[in-house]
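Chain by chain, the residues:
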Amino acid sequence: MSAPMDKEEKALDMVVEALINRCQDLKNIISSFIMKLENENLSWPHVLDNFALISGQVNTVLKILRNEKSPALRNRVLLPLLLNPDRDEELAKMTENRVQAFNHEIVPDYLRTKPDPEIEAREQQFALKSHSMPMDMAQVREPVLPKHHL
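Residues numbered from 1 in each chain as written. Predicted model: local features only at pLDDT ≥ 70, side-chain atom pairs only at ≥ 80, totals over all residues. Heavy atoms only, no water.

- As recorded by an unreviewed UniProt entry, the protein chain carries the name Mediator of RNA polymerase II transcription subunit 8 and is attributed to Larinioides sclopetarius.
- Recorded under Subcellular location (unreviewed entry), the UniProt text for the protein chain is reproduced unchanged: "Nucleus". (UniProt positions renumbered as here; feature names shortened; annotations may be inferred.)

Structure follows, in structure tokens:
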């Protein structure tokens, strides 16, 4: 293997590791926020603080992806080397039981590069609706929380 390839592979490994860590942080923050929503009476400023924290973490992930030193992940191809209809305990553990097997049924969903056609159609409907809406109706309004969250 050549030296430039080693350097590129190391850069890719570093970016993937950074993304994994930041996504884990983001997941923990979202889980904590959900627990607070379910178990505490949060004030609106507290809810906004949590959203700001989540937004900051998402921006950190985006900065990693947009960094000029990061290899372009969209130029990478992900191919399954092995499809197995049986439960994979290691995969289940890594995905917190969200994916139990990497089989012919789920590979098309997990490796797709476009949204489902139904979701794509709904997005187009929302875009058309938003473009046809008068500006005064499109103003952002403060959301109303249920009374038990105030």
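### Thoughts on the packing of aromatic side chains
Phase 1 of the analysis: Evaluation of the coordinates by the stated rule reveals 1 aromatic pair.
Phase 2 of the analysis: Seen from their ring centres, Phe33 and Phe51 are 5.3 Å apart, and the 70° between their planes marks the pair as edge-to-face. Here the residue Phe33 occupies a position in helix 1 (residues 3–39), and Phe51 occupies one in helix 2 (residues 44–66), the gap between them amounting to 18 residues.
Phase 3 of the analysis: Judged by relative accessible area, Phe33 falls into the buried class, the value being 5%.
Phase 4 of the analysis: In this structure Phe51 comes out as partly exposed when scored by relative accessible area, which is 45%. (Phe/Tyr/Trp six-rings, centres within 6.5 Å; stacked < 30°, edge-to-face > 60°. Helix = DSSP H or I, 4+ residues; strand = E, 2+ residues; numbered from the N terminus. Buried < 20%, exposed > 50% of the residue type's maximum accessible area, 1.4 Å probe, protein only.)

### Describing the pattern of salt bridges
Phase 1 of the analysis: For the structure shown, the criterion picks out 9 salt bridges.
Phase 2 of the analysis: Of the charged contacts, one joins Arg112 and Asp109 as a salt bridge, the two residues approaching to 2.8 Å between their closest N and O atoms.
Phase 3 of the analysis: Take Arg112: its relative accessible area is 36%, and that puts it in the partly exposed class.
Phase 4 of the analysis: Notably, a salt bridge pairs Arg112 with Asp116, separated by 3.1 Å at the nearest N-O pair.
Phase 5 of the analysis: Bridged by salt links that share partners, the residues Glu8, Glu9 and Arg76 form one connected network. (Salt bridge = Lys/Arg side-chain N within 4 Å of Asp/Glu carboxyl O.)

### Here's the deal with unusual backbone geometry
Phase 1 of the analysis: Even without a glycine there, the phi angle at Glu96 is positive, about 50°.
Phase 2 of the analysis: Here Glu96 lies in the loop between helix 3 (89–94) and helix 4 (107–110).
Phase 3 of the analysis: Located in the positive-phi region is Asn97, a residue other than glycine, with phi close to 65°.
Phase 4 of the analysis: Considering the arrangement of structural elements, one finds Asn97 in the loop between helix 3 and helix 4.

### Looking at helix 2
Phase 1 of the analysis: The first and last C-alpha atoms of helix 2 sit 32 Å apart over 23 residues, in line with the 33 Å expected at 1.5 Å per residue.
Phase 2 of the analysis: Among the residues of helix 2, Trp44, Val47, Asn50, Ile54, Gln57, Val61 and Ile64 are the ones counted as buried. (Expected span 1.5 Å × (residues − 1).)

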